[in-house]
Amino acid sequence: MDIKIEQSWKKLLKEEFEKEYFINLTNFVKQEYKTRTIYPPGKNIFKAFDLCPVDKVKVVIIGQDPYHGKGQAHGLCFSVKDGVTVPPSLRNIYKELHDDIGKEIPKTGNIEHWAKQGVLMLNATLTVRAGQAGSHQNKGWETFTDAVIKILSEKKENLVFLLWGAYAQKKGSVINTEKHYILKSAHPSPFSAYNGFFGNKHFSKTNEFLKSKNINEIKW
């Protein structure tokens, strides 16, 4: 089965793509794209991987579901395409970035430049029906993204995992804490940001850790 994904990931995840659950997932997703409006566009399903090859990964941010509004999702958790209104969670991420490292709040919600520097922005589920949050959950995507996290934990070292909210923290429970640096806080959603996301200083802490390991810092 030919999966269109960046070559280093294709090689690393070869066995995963051949498993029965993934073949079933692929058939389901293909059928959904044929019969319904699905986000992100098909070419962007694996964009988080395409922009951030295996050897470049330094930081992993775990999201949950792609945005289900028209023109929002483009394959990276929390990010939206240029020209789209910045969603509330991302506005709060920008606010924390400003308070933490003084970064001016961007006008665009497109944070592809993080991915290109080694931030893997991984949603747990990689596709969704238009207007139906969570509609592609429990179809196999979570098994796949769990495997991605586990393989990264095993094959690499000195990664920073940003686990925002209970869902991401549960998903990150497979990470080897002796090899990697894990930062946890509340989710940046307006419902929880004041319960510990604001003031978490995860952006400066990430860069301090990378610097301590002689790894290039992220220009957030």
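Residues numbered from 1 in each chain as written. Predicted model: local features only at pLDDT ≥ 70, side-chain atom pairs only at ≥ 80, totals over all residues. Heavy atoms only, no water.

**With respect to the overall build of the chain**
Line of reasoning, step 1. When you go through the chain residue by residue, the secondary structure sums to 9 helices and 6 strands.
Line of reasoning, step 2. Projected onto the principal axes, the alpha-carbon positions of the chain cover approximately 45 × 35 × 25 Å.
Line of reasoning, step 3. Considering the chain as a whole, with its 220 residues, one finds that 53% of them fall into the buried category.
Line of reasoning, step 4. Summarising the internal contacts of the chain: among those between residues at least 6 apart in sequence, 66% fall at separations of at least 24.
Line of reasoning, step 5. In the structure as shown, the chain presents an accessible area of about 10,900 Å², 49% of it carried by carbon and sulfur atoms.
Line of reasoning, step 6. Of note, the chain has its 33 positive side-chain charges centred 3 Å away from the centre of its 23 negative side-chain charges. (Helix = DSSP H or I, 4+ residues; strand = E, 2+ residues; numbered from the N terminus. Buried < 20%, exposed > 50% of the residue type's maximum accessible area, 1.4 Å probe, protein only. Contact = heavy atoms within 4.5 Å. Areas by Shrake-Rupley, 256 points an atom, 1.4 Å probe, with all protein chains shown as cover. Lys, Arg positive; Asp, Glu negative; His and termini not counted. Charge placed at Lys NZ, Arg CZ, Asp CG, Glu CD.)

**Considering the nonpolar core**
Line of reasoning, step 1. Core analysis: the largest hydrophobic core is formed by 65 residues, its most contacted members being W9, F46, F49, I61, W114, L120 and F144.
Line of reasoning, step 2. Sorting elements by how many residues they give to this core places helix α7 (residues 141-155) first, with 6 residues.
Line of reasoning, step 3. Other than its neighbours up to four places away in sequence, F144 contacts L13, E16, F17, Y21, F22, F46, F49 and L126. (Core = buried A, V, L, I, M, F, W, Y, C linked by side-chain atoms within 4.5 Å.)

**Observations concerning the sheet that holds strand β5 (residues 160-164)**
Line of reasoning, step 1. Here we have 4 strands laid out as an open sheet, ordered β3-β2-β5-β6, and parallel in their pairing. What marks the edges here is a single partner per strand, and that holds for β3 (119-123) and β6 (181-185). Adjacent strand axes in the sheet meet at a mean angle of 20 degrees when their direction is disregarded.
Line of reasoning, step 2. Judged from the 5 bridges that link them, β5 and β6 form a sheet pairing that is parallel. Bridging from a neighbouring strand, V160 pairs with Y181 of β6. (Pairing = 2+ DSSP bridges. Axes fitted to C-alpha atoms, helices over the stretch in contact; angles between N-to-C directions.)

**As for the environment of I182**
Line of reasoning, step 1. Note that I182 resides in strand β6.
Line of reasoning, step 2. Considered as a pair, I182 and T206 are 24 residues apart in the sequence and their alpha carbons are 9.3 Å apart.

**Here we look at the packing of aromatic side chains**
Line of reasoning, step 1. Taken as a whole and assessed by the stated rule, the structure comprises 21 aromatic pairs.
Line of reasoning, step 2. Here the aromatic rings of F17 and F144 are separated by 5.8 Å at their centres, their planes lie at 25 degrees, and the arrangement is stacked. You can see F17 sitting in helix α2 (residues 14-17) and its partner F144 sitting in helix α7, a full 127 residues away along the chain.
Line of reasoning, step 3. What makes F144 buried here is its relative accessible area of 0%.
Line of reasoning, step 4. With 4.8 Å between their ring centres and 85 degrees between their planes, W114 and W220 make a pair best called edge-to-face. With a gap of 106 residues between them, W114 in helix α6 (residues 112-116) and W220 in the segment after α9 (202-212) connect regions that are remote in the sequence. For the pair W114 and W220, one class covers both residues: buried.
Line of reasoning, step 5. Taken together, the ring pairs connect W9, F17, Y21, F22, F46, F49, W141 and F144 into an aromatic cluster. (Phe/Tyr/Trp six-rings, centres within 6.5 Å; stacked < 30°, edge-to-face > 60°.)

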